[in-house]
Amino acid sequence: MRGQFFVMRLYTIFVAGTMFANFFKIPKLMNSFLIIIVLVCEILSSEVPRPRGVSLSRASLYPPDKDFTCFDGSKTIPFTQVNDDYCDCQDASDEPGTSACPHGIFHCTNAGHRPENIPSNRVNDGICDCCDGTDEYASDKSCQNNCIELGRSAREAAQRRSELIKAGKQLRAELSQKGIQLKQEKQLKISELQKNKEEAEKLKAEREALKKEVEEQENAALEYYRQLEEEIKKKKAEEEQKKNRAEAIETFNKFDSNQDGLVDISELRTRESFDKDRNGEVSEEEAKYFLNLQDSVDLETFVGECWKSIKPYLMMEAGVFKPPITEPKQSASEAEDLQDGEHEQEEAHEEDDEEEEEEEEEPQEPEQVEEPQEQPTTVPYDEETQKLVEKANAARSEYQEAERQVRDIENEIKDIQSYLQKDFGQEEEYATLEGQCFDYEDLEYIYKLCPFDRTTQQPKSGAADTRLGSWGHWSGPESNKYEQMTYEKGQSCWNGPTRSTIVRLSCGGENKVTSVSEPNRCEYLFDFVTPAACYEAPADASEDLHDEL
Ligand code: MAN
């Protein structure tokens, strides 16, 4: 029975091998060689006597003609106790083919496919774990041996993968070449810009010198006008002062009704203007206030101390002084409305005039008069000075232009330098992805991956997009950090952290986002295939058949 099964297996391997060769167009001679190797291995693996659940490579550890010593050396038992369904060794080495030991390992040969080690508690548990069905040798479950079919599809998949990687590697090499070229071009651009910068700086220095020279000439010419204006201003101020003093003296003489050379309280009390509270009479306090709290003042005290508080009241009385307006400014439309209704208002105003005069008005307190700020007198420049000013203005704007040029070049250099520092992979293979964006649509959103920039999520309803993260860093495993990207510090999640995205990269014939999910709220996972990620060595179609074959 066992012999019949063995012959059947050999036949199946032969047929499967021939089909495999035809399918993948492997030359006949080479295929015969491969089939022979597989058959020899099969014969060897089947013929080497070993306890159940032991791999070919470990068969020598179970010599049947000797007592068995546990692998940890803790115990020696007669060989007949190996696989007797009783756990003697703590390391489970005496029960490789039963479920007697809690942490044992059962080895499935899985001839024709990949061998497998399964936990021994799965032996005879009613579930087929090994494709050759050997794990269920004593259970009611009858397991089909489908290793040949599984092996074939695994090899086919491996072959497809190998071809994909092979093609991808070629594309990756091209991308890498382009990436290196891009960086070289940028490097060249920097050298060119450095040269331009030197020239721009030279020009800037020349223009600065020219500006300085003409500004000196301009300054010298304007100095005359500054002094002139200063003198005019001084003169004007002196005249104002004189006028003010004369006015103060005149007022003093007017107030000094008894001509005793003093202005006193009683003299001020006859002056209606000083009725600050508008109650119809000038009180003693009110009069005293204007005399700087004295009973009487002489001419010099009047001019020096009292005049500045008296003058605004007299000006107000004469209608010359207007207290500052504190109401908010009118808007243009309000001003128009006002103009429209101006006539009616004017008329109404005239009618109201009399009444208004009778109305109690809040007494207005004029502020101490600050002399109005004089605008500097502008003396027109002569033709020569005017020309110098224009020349200096031109020199100034030319200098500013040169300064701007230097700044622009510096900024461009800075941008390129930061580009050159970017990590675009082992051989710049990801460089060409910069500046591109790749979309992925699900039912609700359009997701976007813009490598080295950002990830976004836009609702299909048309609402504004949400930033799911900005380029952070490579975050793949130590063996190859370029297998994963992290985008971080995206828009804040409601009542939560900022959004972030992990982008898993794998080998593909073209650049494409193949899936997007949100495993945790506001943490997104993109899968992106790209030839740039075709790193792996081409998979050997027979690699998985080690050990047993
Ligand atoms: C939006 C989307 C979702 C996210 C929630 C969090 O609806 O960005 O992806 O989970 O906000 O509130």
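Residues numbered from 1 in each chain as written. Predicted model: local features only at pLDDT ≥ 70, side-chain atom pairs only at ≥ 80, totals over all residues. Heavy atoms only, no water.

Peer 1: Help me get a handle on the overall build of the chain, residues and values and all.
Peer 2: Helix and strand content of the chain: nine helices and 14 strands. Expressed as a percentage of its 549 residues, the buried residues of the chain come to 33%. Considering only contacts within the chain whose residues lie at least 6 apart along the sequence, 48% involve residues at least 24 apart. Counting every atom, the chain has about 35,100 Å² of accessible surface; 49% of that belongs to carbon and sulfur. (Helix = DSSP H or I, 4+ residues; strand = E, 2+ residues; numbered from the N terminus. Buried < 20%, exposed > 50% of the residue type's maximum accessible area, 1.4 Å probe, protein only. Contact = heavy atoms within 4.5 Å. Areas by Shrake-Rupley, 256 points an atom, 1.4 Å probe, with all protein chains shown as cover.)

Peer 1: Describe the environment of Gly508, and please don't skip the residues or the numbers.
Peer 2: Among the structural elements, Gly508 can be located in the loop between strand S12 (500–507) and strand S13 (512–520). Along the primary structure Gly508 and Ala167 are separated by 341 residues, whereas in three dimensions their C-alpha atoms are 9.1 Å apart.

Peer 1: How would you explain the pattern of salt bridges if you had to name every residue and give the values?
Peer 2: Per the stated rule, a full pass over the model turns up 22 salt bridges. Here Lys189 and Glu192 are joined by a salt bridge, their closest N and O atoms 3.9 Å apart. Taken together, the residues Lys189 and Glu192, both in helix H3 (residues 147–255) and three residues apart, mark about one turn of the helix. Looking at Glu192, the relative accessible area reads 42%, which means it is partly exposed. Here Glu218 and Arg396 are joined by a salt bridge, their closest N and O atoms 3.1 Å apart. Note that Glu218 is positioned in helix H3 and Arg396 in helix H9 (residues 383–420), a separation of 178 residues in sequence. (Salt bridge = Lys/Arg side-chain N within 4 Å of Asp/Glu carboxyl O.)

Peer 1: Before we move on, could you go through the site of the ligand and cite the residues and values that matter?
Peer 2: In the vicinity of the ligand, the residues found are Tyr445, Gln457, Cys493, Arg499, Glu518, Arg521, Cys522 and Tyr524. With respect to the ligand, the side chain of Tyr524 contributes an N or O atom lying 2.7 Å from an oxygen atom. In isolation the ligand has 300 Å² of accessible area, and contact with the protein removes 68% of it. (Near = heavy atom within 4 Å. Polar contact = N/O pair within 3.5 Å; in protein donor to acceptor, adjacent residues only side chain to side chain.)

Peer 1: Could you give an account of the packing of aromatic side chains, naming the residues involved and the relevant values?
Peer 2: By the definition in use, this model includes 24 aromatic pairs. Each ring, one from Phe255 and one from Phe302, has its centre 6.2 Å from the other, and the planes form 90°; the classification is edge-to-face. Taken together, the positions of Phe255 in helix H3 and Phe302 in helix H6 (residues 299–318) put the pair 47 residues apart, joining distant regions of the chain. Each member of the pair, Phe255 as well as Phe302, carries the same accessibility label: buried. Judged by centre distance (5.9 Å) and plane angle (85°), the rings of Tyr447 and Phe526 are edge-to-face. On the criterion of sequence distance, the pair formed by Tyr447 in strand S8 (residues 445–450) and Phe526 in strand S14 (residues 523–530) is long-range, its members being 79 residues apart. For the residue pair Tyr447 and Phe526, the accessibility class agrees, reading buried in each case. Aromatic ring contacts, followed pair by pair, group Phe252, Phe255, Phe274, Tyr289, Phe290, Phe302, Trp307 and Tyr313 into a single cluster. Taking the ring centre of Tyr419 as reference, the NZ or CZ of Lys186 above it sits at 4.9 Å. Against the face of Tyr289 rests Lys276, its NZ or CZ located 3.8 Å from the ring centre. (Phe/Tyr/Trp six-rings, centres within 6.5 Å; stacked < 30°, edge-to-face > 60°. Lys NZ or Arg CZ within 6 Å of the ring centre and 35° of its normal.)

Peer 1: How would you explain the state of the cysteines if you had to name every residue and give the values?
Peer 2: Each disulfide is one covalent bond, formed between the sulfur atoms of two cysteines. Here the structure, examined in full by the defined rule, presents eight disulfides. Disulfide partner of Cys108: Cys130, at an S-S distance of 1.9 Å. Across the S-S bond linking Cys108 and Cys130, the dihedral sits near -45°, which makes this disulfide left-handed. Of this pair, Cys108 sits in strand S3 (residues 105–108) while Cys130 is found in the loop between strand S4 (116–119) and H3, placing the two residues 22 residues apart along the sequence. Since its relative accessible area comes to 3%, Cys130 is described here as buried. (Disulfide = S-S within 2.5 Å.)

Peer 1: A description of the packing of H3 against H6 should follow, citing residues and the corresponding values.
Peer 2: Contact geometry for H3 and H6: axes closest at 9 Å, N-to-C directions at 90°. Relative to H6, H3 is oriented roughly perpendicular. Contact with H3, carried on its side by Asn244, Arg245, Glu247, Ala248, Ile249, Thr251, Phe252 and Phe255, involves Leu299, Glu300, Phe302, Val303, Trp307, Ile310, Lys311 and Leu314 of H6 and no other residues of that element. Its residues assigned to classes, the contact of H3 with H6 comprises ten nonpolar, two polar and four charged. (Axes fitted to C-alpha atoms, helices over the stretch in contact; angles between N-to-C directions. Parallel < 35°, antiparallel > 145°, perpendicular 65-115°, else oblique. Nonpolar A, V, L, I, M, F, W, Y, C, P; charged D, E, K, R; others polar.)

Peer 1: So what's going on with the nonpolar core? Which residues, and what values?
Peer 2: Counting 36 residues, the largest nonpolar core has Tyr430, Val503, Leu505, Phe526 and Phe528 as the members making the most contacts within it. Elements with a minimum of two residues in this core: H3, H9, S8, strand S10 (466–474), strand S11 (484–488), S12, S13 and S14. For this core, the leading source of residues is H9, giving six residues. Those residues within four positions of Tyr430 in sequence are excluded, and the remaining contacts are Phe424, Gly425, Phe452, Trp474, Tyr482, Leu505, Thr530, Ala532, Ala533 and Tyr535. Formed by 19 residues, the second largest nonpolar core is a distinct cluster that contains Ile265, Leu291, Trp307 and Tyr313. (Core = buried A, V, L, I, M, F, W, Y, C linked by side-chain atoms within 4.5 Å.)

Peer 1: Tell me about the sheet that holds S8, residues and numbers included.
Peer 2: Reading across from one edge, S7-S8-S9-S10-S11-S12-S14-S13 is the order of the eight strands in this open sheet, with mixed pairing throughout. Lying at the two open borders of the sheet, with one neighbouring strand each, are strand S7 (438–441) and S13. If you compare each strand with its neighbour and ignore which way they point, the axes differ by 25° on average. (Pairing = 2+ DSSP bridges.)

Peer 1: I'd like a rundown of H6, residues and numbers included.
Peer 2: Relative to the 28 Å expected for 20 residues at 1.5 Å per residue, H6 spans just 23 Å between its end C-alpha atoms, considerably shorter than the ideal helical length. Its axis deflected by about 70° at Cys306, H6 carries its strongest bend there. Taken residue by residue, H6 has Thr301, Phe302, Val303, Cys306, Trp307, Ser309, Ile310, Lys311, Pro312, Tyr313, Leu314 and Met316 as its buried positions. Elements that come into contact with the buried residues of H6 comprise H3, helix H5 (284–290) and strand S6 (296–298). One or two positions beyond H6, positive phi appears at Gly319, with a value near 75°. (Expected span 1.5 Å × (residues − 1). Bend = angle between axes of the 7 residues up to and from the residue.)

Peer 1: Run through the side chain of Glu286, naming residues and quoting values.
Peer 2: By the element assignment, Glu286 lies in helix H5. In terms of polar contacts, Glu286 uses its side chain to reach the backbone amide nitrogen of Ser283, at 2.8 Å. With residues up to four places along the chain from it excluded, the contact list for Glu286 reads Phe274, Asp275, Lys276, Asp277 and Glu281.

Peer 1: Give a detailed account of the side chain of Thr486, specifying residues and quantitative values.
Peer 2: Along the chain, Thr486 turns up in strand S11. For Thr486, a relative accessible area of 10% translates into the label buried. Setting aside chain neighbours within four positions, we find Thr486 in contact with Ser470, Trp471, Gly472, His473, Ser475, Thr501 and Ile502.

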